[in-house]
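# Working through the structure, step by step
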Amino acid sequence: MDAAHMGADLEKVLITEEEIQTRLGELAEQIWADYEGKDLLLVGVLKGAVVVMADLMRALPGTAPMDWMAISSYGSGTKSSGVVRILMDLRTDITDKHVLIVEDIIDSGLTLSWIKTNLESRSPASVEICTLLRKPEVAKVEIPVKYVGFDIPPEFVVGYGLDYDERYRNLRVVGTLAPHVYS
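This write-up is about the structure you can find in this document. None of the values given here were measured: they were computed from a predicted structure.

## Comments concerning the environment of glutamate 155
Relative to the helices and strands, glutamate 155 is located in the loop between strand S7 (147-151) and strand S8 (157-158). With 12 residues separating them in the primary sequence, glutamate 155 and isoleucine 143 have C-alpha atoms 20 Å apart. Among the polar contacts made by the side chain of glutamate 155, one reaches the side chain of lysine 12 at a distance of 3.5 Å.

The structure is reproduced here in structure tokens:
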């Protein structure tokens, strides 16, 4: 979906499709240089990372397998319950593999910190993180992120996999919603 199709729902575009594709290409080159010849596994966190994972994989100069996890820390509410549950676990044994967690966005870092610790307990060769977006101003835990696409301000964003109430994931840009959408 193009930004033009959102009408009054989109307040502003923060990152264009071209900027996203350029940055993912740069990250893919860096990742490939760091992991070439190693047993790399890309691990996406559903649902938001689907678009990022697909485009990052296509930008890699070589092939790397992927797997997926689905995590919940919200229960039925809109605020984190503080309890993380695995809704869908990896199907791949990650023992001695170099695991690269691929995320769409890092806000507080709490859930991602839990995921990283959980994966590290499974005897991989390494666990690193790649995220398209990071909000450093709202971080509640310090989590090392090896590959960052863009640091953004602490605004609620949609597009490129990010949603509001399961909508706007297919927007080709990252932007902010107009307040009338969620108020």
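## Remarks on the nonpolar core
Formed by 30 residues in total, the largest nonpolar core has its most connected members in Ile31 and Leu133. Of all the secondary structure elements, the ones that give two or more residues to this core are helix H1 (17-35), strand S2 (40-46), helix H2 (49-59), strand S5 (98-106), strand S6 (126-134) and S7. Per-element accounting of this core gives the leading share, 7 residues, to H1. Listed in part, the 18 residues of the second largest apolar core include Ile71, Leu119, Val127 and Val145.

## So, the sheet that holds strand S1 (residues 10-15)
Read from one edge of the open sheet, 3 strands run S1-S9-S8, paired in antiparallel fashion. The sheet is open, and its two edges are formed by S1 and S8, each paired on a single side. Pairing of S8 with strand S9 (residues 174-177), which is carried by 2 bridges, proceeds in the antiparallel orientation. Bridge pairing in S9 places valine 158 opposite glycine 175.

## Remarks on unusual backbone geometry
Residue lysine 47 is bonded to the preceding leucine 46 through a cis peptide linkage, with omega at 5°. Here lysine 47 is to be found in the loop between S2 and H2. In this model, tyrosine 160 sits at a positive phi of 55°, which is unusual for a non-glycine residue. Summarising the element assignment, tyrosine 160 is placed in the loop between S8 and S9. Its relative accessible area of 4% is what places tyrosine 160 among the buried residues. In the Ramachandran plot, glutamate 166 falls in the positive-phi region, its phi being about 65° despite a non-glycine side chain. Topologically, glutamate 166 is positioned in the loop between S8 and S9.

## A word on the pairing of S6
With 7 of its 9 residues buried, S6 lies for the most part within the structure. Pairing between S5 and S6: 8 bridges, direction parallel. By the bridge assignment, histidine 98 is partnered in S6 with serine 126. In this fold, the crossover linking S5 to S6 by way of helix H3 (residues 110-120) has right-handed handedness. Note: S6 against S7, 4 bridges, orientation parallel. Across the sheet, the residue bridging to arginine 134 is aspartate 151, located in S7.

Conventions and cut-offs
- Residues numbered from 1 in each chain as written.
- Predicted model: local features only at pLDDT ≥ 70, side-chain atom pairs only at ≥ 80, totals over all residues.
- Heavy atoms only, no water.
- Helix = DSSP H or I, 4+ residues; strand = E, 2+ residues; numbered from the N terminus.
- Polar contact = N/O pair within 3.5 Å; in protein donor to acceptor, adjacent residues only side chain to side chain.
- Core = buried A, V, L, I, M, F, W, Y, C linked by side-chain atoms within 4.5 Å.
- Buried < 20%, exposed > 50% of the residue type's maximum accessible area, 1.4 Å probe, protein only.
- Pairing = 2+ DSSP bridges.
- Right-handed = clockwise from strand over helix to strand, strands pointing away.

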